[in-house]
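This is what each chain is made of:
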Amino acid sequence: MFKRKNLECDNCKREIQPNEELVVHLTLPETKKMPVGVLDKILKKHANEIYCKRCFKIISS
Ligand SMILES: [Zn+2]
C-alpha cells in the first residue's frame, strides 16, 4: 500500500511504519478534484494533520 515510508507524525516527527495505525485529519476535496494515486502522496498533499496512534491518544485526551 505505501510505496514510500516517509509519512511522519506531526507531533513526534516519527516515521509512520507499515502496519502501524495512523490518524489523519483530511479535508475531503470536491468530487471533481478527488485525488487519485498512491495513498501516502495523497496524504502528504491533502492531509491537515497526521498523527501516530500514540500521539493522537495523548492529544485527544
Ligand atoms: Zn507521534
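Worth saying up front: this structure is predicted, and the values here are computed from it rather than measured.

Asker: Explain the overall build of the protein chain here, please?
Answerer: Scanning the protein chain from terminus to terminus reveals two helices and two strands. The order of helices and strands in the protein chain, counted from the N terminus, is β-α-β-α. Taking the principal axes of its C-alpha atoms as reference, the protein chain extends roughly 35 × 25 × 15 Å. Here the protein chain holds 61 residues, and the buried ones make up 11% of them. Long-range contacts, defined here as pairs at least 24 residues apart, represent 58% of the contacts in the protein chain between residues at least 6 apart.

Asker: Which parts of the structure should I look at to understand the environment of Thr31?
Answerer: The topology assignment puts Thr31 in the loop between β1 (22-26) and α1 (39-46). A C-alpha to C-alpha distance of 33 Å links Thr31 and Ile58, two positions 27 residues apart in sequence.

Asker: Help me understand the nonpolar core, please; the structure alone is not making it clear to me.
Answerer: The nonpolar side chains of a soluble globular protein tend to be buried, and buried together. Grouped together as the largest cluster of nonpolar side chains are seven residues: Leu7, Cys9, Ile16, Ile50, Tyr51, Cys52 and Phe56. When residues in this core are grouped by element, the largest group, three residues, is from strand β2 (residues 47-52). For Leu7, the residues in contact, after removing those within four places along its chain, are Ile16, Asp40, Leu43, Lys44 and Ile50.

Reading guide: rules and limits
- Residues numbered from 1 in each chain as written.
- Predicted model: local features only at pLDDT ≥ 70, side-chain atom pairs only at ≥ 80, totals over all residues.
- Helix = DSSP H or I, 4+ residues; strand = E, 2+ residues; numbered from the N terminus.
- Buried ≥ 20, exposed ≤ 12 C-beta atoms within 10 Å, placed from the backbone.
- Contact = placed C-beta atoms within 7 Å.
- Core = buried A, V, L, I, M, F, W, Y, C linked by C-beta atoms within 7 Å.

Read these as layout, nothing more, since geometry by itself doesn't imply function.
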